[in-house]
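Structure assessment
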Amino acid sequence: MKILIKNGHIVDPSQNIDGIGDVLSEEGRIKGIGDLPPTPNLRIIDATGLYVFPGLIDMHTHLREPGFEYKETIKTGTMAAVRGGFTTVCAMPNTSPVNDNSSVTDLIITKAIQEGACAVFPIGAITKGQDGEELAEMGIMHAEGCVAFSDDGRPVMNSLIMRRALEYSKTFDVPIIAHCEDLSLSEDGVMNEGLLSLTLGLKGTPAEAEEVMIARDIALAGLTRGRLHIAHVSTEGSVRLVRQAKGRGINVTAETCPHYFSIMEDAVKGYNTNAKVNPPLRTKKDIEAIKQGLKDGIIDVIATDHAPHHRDEKLREFDQSPSGISGLETALSLSLRLVEEGVLTLNQLIGKMTVSPAKILKINKGTLKVGSDAGVVILDLNKEYKVEAEKFVSKGKNTPFDGWVLKGMPVITISKGKVYEW
Ligand code: DOR
């Protein structure tokens, strides 16, 4: 099918495009961009007054399949992605079995081709079983299609193993995505450590549990010259460490997630398990530092850490409930608040959700360049809507943003050549 998107405000940081124009898409590929005349047999979408972006990339998604299909599947997770304006997601390996070998990688890729509403790139585990003890077969998994390696959900506690991972991954020029948490400091922590955790009687995790590991991993990236990407940055100290490391020329990039700049630790009051996430929600000064880090380019990427869980799991008492927020369907609108606040320009924001992750992962997505198959998002920047978790496409209804009124919604996503309209 040929689709001509007319008169939209195109923002494509990969080509420095920020202005009114047309986009021609055919069979899922971009065939033209600029001032394009209609030709016969075209479906014309009038995008007057709307924004047109490349399909967004989420480099940190938990699709849960194989093994946890009661939480999410490749089908439902990618549908949620498309609803949220993402046309490319990277699947974290903490499935069951763990994606620590090429047969699991192959299964994810095959299923995603058959059932996925958008493109899926698997991220392989750094260590077998994500046990932190023995390196996984990164080479074979990379050849099969893994674009990065991570033990996300868990840190690699053993520094020698982390060193070897950074060294080994250099062979394939892929990043190691570090879940930075010193388990001996975070132990049974279930929220941010501070006065509030004391008041609520909940065990806290100090900011330092994250920062100690970021410092170690930066040191190891310096030693090995491997490519380090820090996942879900949540504290002021972490931003400072990444800032220093970049200043010293260390090969490090970083991401944060919308919940770390949108809400604080007090969201867990009332023992709200939907606000339980790892790393935990922090404080005002952390939010301010994260925003500054985004503004200065210290934080390269906004990722969702979409972590769907079953309702029954989130109904457990706070201590026992799993960490995670279902994030794909609110990420863009929450991030657009940064534009409204003047933290980022729209161009910068879209860059952190397209061209930056594409560059880190070396994937040919997140662009409207002619010939690319990255998909397209059409956004109504002024459309207000109420978040209704029950209506999420994702199986995971676990969001602390339920009932929030947000502005800026994808009205059309074109993914894999299919037009999704709302
Ligand atoms: O809150 C989280 N949930 N943080 C992680 O690192 C893992 C994720 C999950 O898999 O549920």
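Residues numbered from 1 in each chain as written. Predicted model: local features only at pLDDT ≥ 70, side-chain atom pairs only at ≥ 80, totals over all residues. Heavy atoms only, no water.

What follows concerns the packing of aromatic side chains. When we look at a pair of aromatic rings, we describe it by the centre distance and by the angle of the planes. If you walk through the whole model with that rule in mind, you get four aromatic pairs. An angle of 35° between the planes, with centres 6.1 Å apart, marks the rings of tyrosine 51 and phenylalanine 53 as tilted. Just as tyrosine 51 is buried, phenylalanine 53 falls in that class too. Their ring planes at 70° and their centres at 5.2 Å tell us that tyrosine 168 and phenylalanine 172 sit as a pair that is edge-to-face. (Phe/Tyr/Trp six-rings, centres within 6.5 Å; stacked < 30°, edge-to-face > 60°. Buried < 20%, exposed > 50% of the residue type's maximum accessible area, 1.4 Å probe, protein only.)

Turning our eyes to something else, we now look at the sheet that holds strand E7 (residues 86-91). Within the open sheet, the three strands sit side by side as E6-E7-E8. Their pairing is parallel. Of all the strands in the sheet, just strand E6 (56-61) and strand E8 (119-122) have a single pairing partner and so form its edges. With direction set aside, neighbouring strand axes in the sheet form an average angle of 20°. Sheet topology places E7 next to E8; four bridges connect them, and they run parallel. Counterpart to alanine 91 in the pairing with E8 is proline 122. (Pairing = 2+ DSSP bridges. Helix = DSSP H or I, 4+ residues; strand = E, 2+ residues; numbered from the N terminus. Axes fitted to C-alpha atoms, helices over the stretch in contact; angles between N-to-C directions.)

Under the criterion given, the structure shown has zero disulfides. You can see cysteine 146 has no disulfide; the closest cysteine sulfur is in cysteine 90, sitting 10 Å from it. Taking the relative accessible area as the measure of exposure, cysteine 146 reaches 1% and is therefore buried. Cysteine cysteine 180 shares no disulfide, and the gap to the nearest cysteine sulfur, in cysteine 257, comes to 13 Å. Residue class for cysteine 180 comes out buried when judged on its relative accessible area of 6%. (Disulfide = S-S within 2.5 Å.)

Mapping glycine 396 onto the fold places it in the loop between strand E16 (376-386) and strand E17 (405-415). Given the relative accessible area of 0%, glycine 396 is considered buried. Put simply, glycine 396 and alanine 307 are 89 residues apart on the chain and 7.7 Å apart in space, counted from C-alpha to C-alpha. Those residues within four positions of glycine 396 in sequence are excluded, and the remaining contacts are Lys71, Glu72, Pro308, His309 and Ser326. (Contact = heavy atoms within 4.5 Å.)

Next up on the list: the site of the ligand. Near the ligand you find 14 residues, and of these Arg64, Asn94, Asn278, His309 and Ser323 are the closest. A distance of 2.8 Å separates an oxygen atom of the ligand from a polar side-chain atom of arginine 64. Between an oxygen atom of the ligand and a side-chain N or O atom of histidine 179, the distance comes to 3.3 Å. Isolated, the ligand exposes 290 Å² of accessible area, and the fraction of that covered by the protein chains is 93%. In a pocket analysis with a 2 Å cut-off to the grid points, the ligand is assigned to the largest pocket. (Near = heavy atom within 4 Å. Polar contact = N/O pair within 3.5 Å; in protein donor to acceptor, adjacent residues only side chain to side chain. Areas by Shrake-Rupley, 256 points an atom, 1.4 Å probe, with all protein chains shown as cover. 1 Å grid on protein atoms, 1.4 Å probe; cavity = no way out; pocket = protein on both sides within 12 Å on 5 of 7 lines; lining within 4 Å. Sits in = over half its atoms within 2 Å of the grid points.)

In contact at an axis separation of 8 Å, helix H8 (residues 236-247) and helix H10 (residues 284-296) are set at 30° when each is read in the N-to-C sense. The orientation of H8 relative to H10 falls into the category roughly parallel. Only Lys285, Asp286, Ala289, Ile290, Gln292, Gly293 and Asp296 of H10 make contact with H8, whose side of the interface consists of Glu236, Val239 and Arg243. The residue makeup of the contact of H8 with H10, split by class, is three nonpolar, two polar and five charged. (Parallel < 35°, antiparallel > 145°, perpendicular 65-115°, else oblique. Nonpolar A, V, L, I, M, F, W, Y, C, P; charged D, E, K, R; others polar.)

We now examine the pairing of strand E14 (residues 252-256). The buried count for E14 comes to five of five residues, which makes it a mostly enclosed element. Side chains Val252, Ala254 and Thr256 project from E14 onto one buried face, and the interleaved Thr253 and Glu255 project onto a second face that is buried too. Pairing between strand E13 (residues 228-230) and E14: three bridges, direction parallel. Bridging from a neighbouring strand, isoleucine 230 pairs with alanine 254 of E14. Note on the crossover from E13 through H8 to E14: the handedness is right-handed. Looking at chain direction, E14 and strand E15 (residues 301-302) are connected through two bridges and run parallel. If you follow threonine 256 over to E15, its bridge partner there is isoleucine 302. (Right-handed = clockwise from strand over helix to strand, strands pointing away.)

Judged from the nine bridges that link them, strand E1 (residues 2-12) and strand E2 (residues 17-26) form a sheet pairing that is antiparallel. Within E2, the residue paired with lysine 2 across the bridge is glutamate 26. Here E1 hands over to E2 after four residues, with asparagine 16 in that stretch at a positive phi of 55°. The sheet contact formed by E2 and strand E3 (residues 29-34) spans five bridges and is antiparallel. Residue pairing for E3: valine 23 is matched across the bridge by isoleucine 33.

At a minimum axis distance of 9 Å, the contact between helix H7 (residues 207-224) and H8 shows a crossing angle of 15°. Taken as axis vectors, H7 and H8 run roughly parallel relative to one another. Crossing of H7 over H8 shows right-handed handedness. Contacts between H7 and H8 involve Glu210, Glu211, Ile214, Ala215 and Ile218 on the former and, on the latter, Gly237, Ser238, Leu241, Val242 and Ala245. For the contact of H7 with H8, the class distribution of residues is six nonpolar, two polar and two charged. (Left-handed = near helix turned anticlockwise from the far one by under 90°.)

The residue cysteine 146 is located in the loop between helix H3 (138-144) and strand E9 (149-150) in this model. Expressed as a C-alpha distance, the spacing of cysteine 146 and serine 102, which sit 44 residues apart in the sequence, is 8.9 Å. If we ignore the near neighbours within four places in the chain, the residues touching cysteine 146 are Asn99, Thr105, Pro122, Ile123, Gly124 and Met141.

Counting 91 residues, the largest nonpolar core has Leu228 and Ile230 as the members making the most contacts within it. Counting 17 residues, the second largest nonpolar core, distinct from the first, contains Met92, Ala358, Ile360 and Ile363. (Core = buried A, V, L, I, M, F, W, Y, C linked by side-chain atoms within 4.5 Å.)

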